[in-house]
Structures are given as C-alpha cells and as structure tokens.
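# Fold and contact review
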Amino acid sequence: MTAQRRVVAEVLDGDHVHLTADEVHARAVAKLPEISRATVYNTLGELVSLGEVLEVSTDRRAKRYDPNAHRAHQHLVCAQCGAIRDVHPSGDPLADLPDAERFGFVVSTVEVTYRGVCPNCAGA
C-alpha cells in the first residue's frame, strides 16, 4: 500500500465517518502535504470498486464516503446540516416488502434513509 493510500484509509477510519472527497483531501493534506486531489479521488474510486468503502448520496449534496462497508446498516441524515449517522434498525427491510409490491423484481438490496433534525440543529 502506498503512503497516499494509507493516508486516505487513515482519514476514513472510525465510526460514523461520512466525508466528502474534498474533506478527505483536506484531512489527508494535513497528514501528507504532497497528496493531490486527483490521488484522493482515484483512491476513493478504487476503494469503492473493491467494496472497502461505500459511496453515499443522500440528497443533492456532494457524495460522501462511508468506510462501514462490511456491516449492513442504514443512514440517519439531518435535513438541516447534512450530518449522517449509521443506524442499525431491527428487522429486515428486504423481507418487509410484500411480494405484491415487488412487481416481479428480484430484489437484492435495500437502502433506507431516515431523515430528521440532529440535536445540534434542533437546539439552534
């Protein structure tokens, strides 16, 4: 693993990390000043292709990158500031879709996004 890839992986490490590519780049530059924006974008693309990182689009804002690719989860998004948290609701959303509502589709994945207002924005 190159120094650049290692720095991108380090920036994405942690729970509830959902950074934009520009945020990843800014944090990576703090650790490795010579890392280019193109390298960050290319590395994120490779990590998504490898299934190591999820690309998350919750609205018309910039795509975000979620390193929590190996544990099934959904997202809780603040409608005001865009903060994203990983959530693990009980039940199986795939099983909750009745056969009559599948319209002949063979459904393989489900993406559920919960929206609301985070405590920081609610208190403002």
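Presented here is a report on the structure given in the accompanying data block. Please read these numbers as outputs of a predicted model, since none were measured by experiment.

### Let's talk about the packing of helix α2 (residues 21–31) against helix α3 (residues 37–49)
- Remark: α2 packs on α3, axes separated minimally by 9 Å, with the N-to-C direction vectors making an angle of 120°. Classified by the angle between their axes, α2 and α3 sit oblique to one another. Note on packing geometry: the crossing formed by α2 with α3 is right-handed. When α2 is examined against α3, the residues Ala21, Asp22, Val24, His25 and Ala28 are found in contact with a partner set consisting of Arg37, Val40, Tyr41 and Leu44.
- Among the residues making up the contact of α2 with α3, the classes are represented as six nonpolar, one polar and two charged.

### Focus on the sheet that holds strand β3 (residues 64–66)
- Taking strand neighbours across the sheet as the criterion, the three strands line up as β1-β3-β2 in an open arrangement whose pairing is antiparallel. The open sheet is flanked by β1 (19–20) and β2 (54–56), the only strands paired with a single partner.
- As defined by bridge partners, β2 adjoins β3 across three bridges and the pair is classed as antiparallel. Paired with leucine 54 across the bridge in β3 is aspartate 66.

Each value, and the rule that gives it
- Going along each chain's sequence as written, the residues are numbered from 1 onward.
- This being a predicted model, a pLDDT of at least 70 is required before a residue's local features are given, and a value of 80 or more before pairs of side-chain atoms are given or counted; all residues contribute to the totals for chains, interfaces and linings.
- As a convention, hydrogens and water are excluded, and side-chain values are obtained from all of the structure's heavy atoms.
- Note on definitions: angles span 0 to 180 degrees between N-to-C directions of axes, and those axes are lines fitted to C-alpha atoms, for helices only across the stretch in contact.
- Counting from the N terminus, the helices are the DSSP runs of H or I reaching at least four residues and the strands are the DSSP runs of E reaching at least two.
- In this scheme, roughly parallel covers angles under 35 degrees and roughly antiparallel covers those over 145, while 65 to 115 is roughly perpendicular and the rest are oblique.
- Take the far helix as your reference; a near helix turned counterclockwise from it by less than a right angle gives a left-handed crossing, and one turned clockwise gives a right-handed crossing.
- Should any heavy atoms of two residues lie within 4.5 Å, those residues are counted as being in contact.
- Throughout, the ten residues Ala, Val, Leu, Ile, Met, Phe, Trp, Tyr, Cys and Pro are labelled nonpolar, Asp, Glu, Lys and Arg are labelled charged, and all others, Gly among them, are labelled polar.
- In short, DSSP must find at least two bridges between two strands for them to pair.

Treat this as a map of the structure, not an account of what it does.
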